[in-house]
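Survey of secondary and tertiary structure
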Amino acid sequence: MANTTPPKLPSGFSGFTQDKRVEGGINFVKSSMARSDIWMAVSIVFMLVILILPMPAWLLDTCLALSITMSVLVMMTSIFIEKPTQFTSFPLVLLITTMYRLALNLASTRLILGQGHLGKGSAGNVIEAFGSFVMGGNFVIGVIVFAILVLVNFMVITKGSGRIAEVAARFTLDAMAGKQMAIDADLSSGIIDEKEAIKRREELSQENSFYGAMDGASKFVRGDAIAGLIITAINVIAGMIIGMAQNNLSFSEASDTYIRLTVGDGLVSQIPALIISMAAGIMVSKAGMTKATDQVVLGQLTHYPKAMGMSAALGGIMAFLPGIPALPFLFFATICGGTAYFLDKQKNIAKKELEEREKQEKTIKPPPVSEEPIANALKIDLIRLELGYGLITLINDTGNRRLTDQIKALRRALAIENGFVMPSVRIQDNMQLPANMYIVYVKEVESGRGEVRPHQLLVMDPRGDEITLPGEKTREPTFGLPAAWIDPINREEAMFRGYTVVDAPTVITTHITEIVKSYMAELLSYTETQKLLDELKEQQKLVKELLDGKITVGGVQRVLQNLLQERVSIRDLPTILEGISEALAVTRSTMMITEHVRYRLARHICSANADIDGVIKLVVMSPEWEQIFAESLVGQGDEKQLAIPPIKVQQFVNKVRQVFEDLAAKGEAPVLMTTPTIRPYVRSIVDRFRPLTVVLSQNEIHPRFKIRTMGQI
């Protein structure tokens with residue numbers, strides 16, 4: 001017979017194989033844990049299996065223990081989170097745990113009715129323990145305890161949390177439009193960037209979805225409580241019938257067995273349900289909180305020592321009433337009294353420290369005021385805002401957005417829009433002004449003034465109609481639209497009617513914005529131009545080539561000022577310098593150089609004047625007016641000037657005003673298009689009576705944009 005003994009493995013090979021198996025098992029567990037989606041699907045399938053297949057008692061004990069553990073985990077999570085939106089999956093968790101408990105109820109019902117006659121442990125040790133321990137040997141006590149738990153869960157916690165969720169969902173949905181407008185306003189004013197705006201919109205969407213889902217999820221808890229009552233009644237009645245009719249048990253034996261098991265099953269189900277209901281109540285009650293539950297509750301309860309002292313006094317009085325055990329009341333009265341004394345002492349110490357600090361600040365002598373040099377009187381403020389004494393609160397207000405913060409955001413927004421940083425705005429009070437008046441100065445010359453109400457809101461109708469809300473009728477200081485100052489309590493009504501609602505700082509900031517845009521060309525100084533050129537690190541070769549005999553910094557400044565005069569952004573400075581370099585090959589006229597640069601910036605100009613569909617709405621000049629302007633140009637080459645008769649100028653002004661006002665009444669704001677030769681001269685006339693009207697030449701219409709003719713001059 002052949003030798004079939006396997007060859008002996010080399011020394012250490014068996015241990016190596018075993019290590020490999022252990023390592024493979026660990027890797028399998030790690031890869032399985034990484035696929036949480038599979039585990040979630042397996043859990044849902046397991047609940048379906050519980051509903052269909054019978055479950056052994058030992059597995060039911062394990063699942064009931066898991067149910068209690070999950071409910072405690074959910075409640076602890078709801079306590080420790082700082083905001084409800086940090087647990088947005090709570091409605092889904094509520095659905096899963098409710099379905100899991102109902103599946104366990106069905107499994108336990110199958111065991112109680114099918115094997116209850118075998119003894120008190122037939123449905124598992126967990127149900128037996130709850131039935132025996134809580135009932136204390138008397139099933140009547142168990143029934144009463146179970147009924148109380150169901151009533152507390154159904155009538156108190158579930159009903160209250162459901163009402164809170166319903167109201168929170170309603171008010172959150174009503175406030176969504178206002179919060180969205182606030183985000184858009186902060187974004188447009190430059191207070192936040194696009195990334196922060198997207199983050200806030202996502203948080204707002206999560207908040208609305210969460211409270212809406214909580215409103216519906218509260219119905220799960222209510223349905224779970226009702227199902228628990230029905231299942232308990234079925235177990236008792238059906239168990240008694242099965243025990244006496246099929247298993248030949250006496251009435252007392254059937255009552256003791258089936259009622260004990262049913263009450264134990266009900267308690268095992270209702271305790272996790274009660275815990276989950278408490279978690280739901282905590283979640284919906286945390287609206288408005290920004291800290292953990294313990295910090296908010298303890299911080300607010302211990303903030304008032306007088307309340308603690310009154311509680312201690314009441315506890316002490318209760319201790320001396322006849323028949324009342326004195327020890328527990330005296331114990332808690334002592335704790336409350338000691339806490340009140342300690343908190344009051346801490347507050348007094350903090351108050352004394354604050355008073356001493358203020359006293360020291362008052363006793364410190366201010367440094368001697370040195371005499372201001374006379375040369376400082378020659379300096380001028382490029383932009384200055386003077387406020388009446390009634391508007392000082394707009395600067396010092398810490399509750400809302402301060403005026404200074406809005407102006408800071410305005411400088412950033414204008415830098416992005418126009419291509420250079422506007423000068424700082426000096427703000428000072430002027431006691432000679434009326435209380436609510438402000439004046440804006442540009443280079444020491446008054447450029448605009450207005451009146452605002454610091455504690456009211458300005459409402460305007462975008463259609464230009466009169467405001468029908470109760471308030472002080474006025475005119476919006478920037479554009480002269482009909483407006484009214486209303487109380488803040490009427491904000492929602494104004495927004496519901498479609499009015500534009502702004503506060504006093506926003507009115508002032510808007511006025512400053514339009515003034516600065518109008519005088520942007522004057523604010524671009526020689527120094528600012530040099531600074532812009534120095535910041536072009538990658539185009540220094542082009543800058544050096546231009547400034548070496550072709551054009552001076554002053555010449556570049558005048559071209560940039562011409563662009564800013566017509567509100568064309570100079571942010572794309574490299575393209576502007578390339579256009580200047582090309583134009584210098586054929587002309588030295590600043591006006592002609594500017595026209596060529598505008599041609600190079602055609603895409604940017606068209607983008608600024610097109611609607612969301614990429615359509616530029618135009619008003620064109622008739623061939624007759626084109627010919628009149630062309631024939632009125634006198635001079636040769638770069639020395640051409642416009643010499644048009646005054647009567648023709650007046651006719652042209654009337655025609656333009658009539659056409660554009662008719663289109664404005666229809667809600668249209670088109671641009672005026674001319675031929676390239678006469679564009680700068682037409683613009684020079686239009687600028688005197690309609691400075692915001694854009695005048696384009698045919699060369700400046702980029703081929704990627706569509707045009708639509710709205711009228712003709």
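Above: the structure in question.
Only a predicted model underlies this, so the values are computations on that prediction, with no experimental measurement involved.

Okay, the layout of surface pockets next. Rolled over the atoms, a probe sized like a water molecule indicates the empty space that remains. Empty space within the second largest pocket amounts to approximately 1400 Å³. The wall of the second largest pocket is formed by 42 residues, among which Arg567, Asn609, Ala669, Leu692 and Val694 lie closest to the centre. Ranked by residues supplied to the lining of the second largest pocket, first place goes to helix H23 (residues 602-609) with five residues. Counted by class, the lining of the second largest pocket contains 19 nonpolar, nine polar and 14 charged residues.

This paragraph deals with the pattern of salt bridges. Scanning all chains against the criterion turns up 20 salt bridges. A salt bridge links Glu444 to Arg384; its shortest N-O distance comes to 2.8 Å. Linking Glu444 in the loop between strand E3 (437-442) and strand E4 (445-451) with Arg384 in strand E1 (residues 383-387), this pair joins segments that are 60 residues apart in sequence. When the shortest N-O distance is used, the salt bridge between Glu700 and Arg598 registers 2.8 Å.

Within the chain, Glu444 stands out as a residue other than glycine whose phi angle is a positive 65 degrees. The partly exposed category is assigned to Glu444, whose relative accessible area is 32%. Residues other than glycine seldom take positive phi values, yet Arg567 does so here, at roughly 60 degrees. We classify Arg567 as partly exposed; its relative accessible area is 33%.

Attention now moves to the sheet that holds E3. If you walk across this open sheet you meet the four strands as E2-E1-E3-E4, and the pairing is mixed. Strands with a single pairing partner mark the edges of an open sheet, and in this sheet they are strand E2 (425-429) and E4. Taking each pair of neighbouring strands and ignoring which way they run, the sheet shows an average axis angle of 20 degrees. Strand direction decides the pairing type here: E3 and E4, joined by six bridges, are antiparallel. Bridging from a neighbouring strand, Tyr438 pairs with Gly450 of E4. Packed onto the sheet, helix H16 (residues 504-518) meets E1, E3 and E4 and runs at close to 20 degrees relative to E3.

Definitions and cut-offs
Residues numbered from 1 in each chain as written. Predicted model: local features only at pLDDT ≥ 70, side-chain atom pairs only at ≥ 80, totals over all residues. Heavy atoms only, no water. 1 Å grid on protein atoms, 1.4 Å probe; cavity = no way out; pocket = protein on both sides within 12 Å on 5 of 7 lines; lining within 4 Å. Points joined across faces, edges and corners; volume = space filled by probe spheres on them. Helix = DSSP H or I, 4+ residues; strand = E, 2+ residues; numbered from the N terminus. Nonpolar A, V, L, I, M, F, W, Y, C, P; charged D, E, K, R; others polar. Salt bridge = Lys/Arg side-chain N within 4 Å of Asp/Glu carboxyl O. Buried < 20%, exposed > 50% of the residue type's maximum accessible area, 1.4 Å probe, protein only. Pairing = 2+ DSSP bridges. Axes fitted to C-alpha atoms, helices over the stretch in contact; angles between N-to-C directions. Contact = heavy atoms within 4.5 Å.

Worth remembering: the numbers are spatial, not functional.
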